[in-house]
Amino acid sequence: MTVPTGRRERKKAATRQKIADTALRLFLERGYDAVGIRDVAAEADVAVTTLFSHFASKEALVFEQDDDFEQRLTQAVTNRAPHEPPIPALCREIKAMVRHCTADGTAPIYRMIDESRALREYEESMRLRHAESLATALIADPDLPQSATACRTIARFVVDAFSLARETADPLAAVDEIFQMIEAAWKVT
């Protein structure tokens, strides 16, 4: 995530983080369905309109790093070293994301997501959007000879690798295993 440089940007980022932290705390304490947007806004001491200026929906409060994750995936492709293949760069980024999302204290968050139909659906739409952004970055790379279909397919595999690995006993080993398959598929396209 890029660090805001100006005072106004820092204040906006701090307000956004305060809202997200407050929402997550309330959701975990009371249950996702038992907490409304007004509850979050009141507890964070912001207006409902302020909350909505930072988050488009209640579900977005749970996935507050959504935009950052999407940007990190595309930048793994666009900012990789010259002549570096994209798959190793994506593997490193997925590992970093898995480390973040499997850190101590995250299990209750994923239980909450698993228990909420709205959150599961939001997560699925988020993954599809991430995969499409990643595919667009792969397709736009003039050094990659793969077809648009191959790029979209690999992008879906990469994004799904995150979810699959997160659910295993050894997420980082799972990322390695999944990326061996992705690498093999990339080479035959």
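Please refer to the structure placed before this passage.
One structure accompanies this document, and this report is about it. Everything numeric here is computed off the predicted structure, so don't read it as measured data.

Scoring rules and cut-offs
- Residues numbered from 1 in each chain as written.
- Predicted model: local features only at pLDDT ≥ 70, side-chain atom pairs only at ≥ 80, totals over all residues.
- Heavy atoms only, no water.
- Helix = DSSP H or I, 4+ residues; strand = E, 2+ residues; numbered from the N terminus.
- Buried < 20%, exposed > 50% of the residue type's maximum accessible area, 1.4 Å probe, protein only.
- Contact = heavy atoms within 4.5 Å.
- Lys, Arg positive; Asp, Glu negative; His and termini not counted.
- Charge placed at Lys NZ, Arg CZ, Asp CG, Glu CD.
- Expected span 1.5 Å × (residues − 1).
- Core = buried A, V, L, I, M, F, W, Y, C linked by side-chain atoms within 4.5 Å.
- Axes fitted to C-alpha atoms, helices over the stretch in contact; angles between N-to-C directions.
- Parallel < 35°, antiparallel > 145°, perpendicular 65-115°, else oblique.
- Left-handed = near helix turned anticlockwise from the far one by under 90°.
- Nonpolar A, V, L, I, M, F, W, Y, C, P; charged D, E, K, R; others polar.

## Structural notes on the overall build of the protein chain
- Each helix and strand counted, the protein chain has ten helices and zero strands in total.
- Ordered by position from the N terminus, the helices and strands of the protein chain form the series α-α-α-α-α-α-α-α-α-α.
- Its C-alpha atoms give the protein chain principal-axis dimensions of roughly 55 × 40 × 25 Å.
- Per-residue burial for the protein chain yields a buried fraction of 46% across its 189 residues.
- Looking at the protein chain alone, contacts between residues at least 24 apart form 67% of all its contacts between residues at least 6 apart.
- Once the 25 positive and 30 negative side-chain charges of the protein chain are each reduced to a mean point, those two points are 5 Å apart.

## Section: helix H5 (residues 66-78)
- The terminal C-alpha atoms of H5, which comprises 13 residues, lie 19 Å apart, in line with the 18 Å expected from a rise of 1.5 Å per residue.
- Listed as buried for H5 are Asp66, Asp68, Phe69, Glu70, Arg72, Leu73, Thr74, Ala76 and Val77.
- Packing partners of the buried residues in H5 comprise helix H6 (86-101), helix H8 (117-140) and helix H9 (148-166).

## Digging into the environment of aspartate 160
- With respect to the element layout, aspartate 160 can be found in helix H9.
- Along the backbone, aspartate 160 and threonine 78 are 82 residues apart, and their C-alpha atoms lie at a distance of 20 Å.

## Observations concerning the nonpolar core
- Counting residues in each nonpolar core, the largest one holds 55 residues, and the members touching the most others are Phe27, Val40, Leu90, Ile94, Val158 and Phe179.
- When residues in this core are grouped by element, the largest group, eight residues, is from H9.
- Sequence-distant contacts of valine 40, that is, excluding residues within four places in its chain, are made with Ile19, Thr22, Ala23, Leu26, Phe27, Val35, Leu51 and Leu61.

## Notes on the packing of helix H1 (residues 7-30) against helix H2 (residues 37-44)
- Contact geometry for H1 and H2: axes closest at 9 Å, N-to-C directions at 120°. It follows that H1 is oblique to H2 by the angle criterion. Seen along the crossing, H1 lies across H2 with a hand that is right-handed. Two secondary-structure elements touch here, H1 through Lys18, Ile19, Thr22, Ala23, Arg25, Leu26, Phe27 and Arg30 and H2 through Asp39, Val40, Glu43 and Ala44.
- Class assignment for the residues of the contact of H1 with H2 results in six nonpolar, one polar and five charged.

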